[in-house]
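Reading the structure
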Amino acid sequence: AQTVTQSQPEMSVQEAETVTLSCTYDTSESDYYLFWYKQPPSRQMILVIRQEAYKQQNATENRFSVNFQKAAKSFSLKISDSQLGDAAMYFCAYRPYSGAGSYQLTFGKGTKLSVIP
Amino acid sequence: DTGVSQNPRHKITKRGQNVTFRCDPISEHNRLYWYRQTLGQGPEFLTYFQNEAQLEKSRLLSDRFSAERPKGSFSTLEIQRTEQGDSAMYLCASSFRTDQETQYFGPGTRLLVL
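Anyway, here's the lowdown on the structure attached to this text. (Residues numbered from 1 in each chain as written. Chains lettered and ligands numbered in written order. Predicted model: local features only at pLDDT ≥ 70, side-chain atom pairs only at ≥ 80, totals over all residues. Heavy atoms only, no water.)

Turning next to the nonpolar core. Counting residues in hydrophobic clusters, the biggest one holds 25 residues, and the most contacted among them are A:Tyr25, A:Trp36, A:Phe75, A:Leu77 and A:Tyr90. At the level of secondary structure, the elements contributing two or more residues to this core comprise strand E3 (19–21), strand E5 (32–39), strand E6 (46–52), strand E8 (64–69), strand E9 (74–79), strand E10 (88–96) and strand E12 (111–116) of chain A. Counting residues per element, this core draws most heavily on E10(A), which supplies four residues. Among the nonpolar cores identified, the runner-up in size contains 19 residues, and B:Leu46, B:Phe49, B:Leu77 and B:Ile79 belong to it. (Core = buried A, V, L, I, M, F, W, Y, C linked by side-chain atoms within 4.5 Å. Buried < 20%, exposed > 50% of the residue type's maximum accessible area, 1.4 Å probe, protein only. Helix = DSSP H or I, 4+ residues; strand = E, 2+ residues; numbered from the N terminus.)

Printed below as a string of structure tokens:
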């Protein structure tokens with residue numbers, strides 16, 4: 001079974017600084033997707049960034065980028081120039097590319113990010 | 001607003017009562033998912049529909065839980081004889097079948113069983 005581990009329950013960052021959130025996962029699959037979702041307080045979860053395992057290039061979306069290390073099964077999220085609106089729970093998630101369970105996301109427990117003005 | 005919508009947003013019920021939640025996916029999304037999120041945890045998969053067919057159910061979905069998606073549009077999740085352990089946020093998501101599908105989540109229904 002696939003598992004996703006986020007070892008940092010809480011993180012904080014000064015506004016305009018950079019922060020990195022960690023995620024590791026366990027799978028025997030070779031093709032899969034990895035995601036970072038953001039869940040602001042009392043608001044719905046939104047996709048931050050997505051990485052396909054077969055792509056060696058790390059995904060980037062504006063101030064958000066990932067460091068994908070397939071051999072180490074590591075998928076960290078870097079937030080640059082942190083803004084107050086980045087404060088939220090961040091969830092790392094995994095999905096196989098095909099086969100059994102390819103329709104469901106497996107989430108980590110989340111990291112609560114606080115942004116200090 | 002063309003996002004995923006869920007109703008009600010909050011539900012308080014007494015143990016033993018039945019409750020029903022509704023999810024309206026993004027138009028033309030043929031896949032619909034239900035997740036449950038308890039405090040301090042990430043969402044856990046409950047069940048999945050492709051069009052009107054329920055293709056998979058998690059072990060978490062006990063016999064007291066039933067989900068439907070008539071006509072492949074909106075979906076309902078019913079919990080019979082609620083228990084205090086059912087208290088959680090119930091999230092619905094939808095996606096369109098492409099090579100790189102992403103699940104779009106609704107705001108959730110927060111259930112409190114007293």
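Next comes the rest of the account.
Let us now look at the packing of aromatic side chains. If you walk through the whole model with that rule in mind, you get 20 aromatic pairs over all chains. When the centroid spacing of 6.1 Å and the interplanar angle of 45° are considered together, the rings of A:Tyr33 and A:Phe35 count as tilted. Residue A:Tyr33 shares its accessibility class with A:Phe35, and that shared class is buried. Ring geometry for A:Tyr103 against B:Phe45: centres 5.8 Å apart, planes inclined by 40°, an arrangement best described as tilted. Of this pair, A:Tyr103 sits in the loop between E10 and strand E11 (106–107) while B:Phe45 is found in strand E5 (residues 44–50), placing the two residues in two different chains. By relative accessible area, A:Tyr103 is classed as buried at 13%. Take B:Phe45: its relative accessible area is 5%, and that puts it in the buried class. Ring pairs connect the aromatic residues A:Tyr33, A:Phe35, A:Tyr37, A:Phe91, A:Tyr97, A:Tyr103, A:Phe107, B:Tyr33, B:Tyr35, B:Phe45, B:Tyr48 and B:Phe105, which therefore count as one cluster. Over the aromatic face of B:Phe74 sits the side chain of B:Arg22, whose NZ or CZ is 3.9 Å from the ring centroid. (Phe/Tyr/Trp six-rings, centres within 6.5 Å; stacked < 30°, edge-to-face > 60°. Lys NZ or Arg CZ within 6 Å of the ring centre and 35° of its normal.)

Every contact between the two is made by 21 residues of chain A and, on the other side, 21 residues of chain B. Taking both partners together, chain A and chain B bury about 1700 Å²; carbon and sulfur atoms supply 48% of that area. By the criterion of area lost to chain B, the three top residues of chain A are A:Gln44, A:Met45 and A:Tyr103, representing 33% of everything that side buries. For the interface between chain A and chain B, the tally reads zero salt bridges. For the side of chain A that touches chain B, the secondary-structure elements that each account for two or more residues are E5, E6 and E10 of chain A. Considering each element in turn, the side of chain A that touches chain B owes the most residues, four residues, to E5(A). (Contact = heavy atoms within 4.5 Å. Buried area = accessible area lost by both parts, 1.4 Å probe. Salt bridge = Lys/Arg side-chain N within 4 Å of Asp/Glu carboxyl O.)

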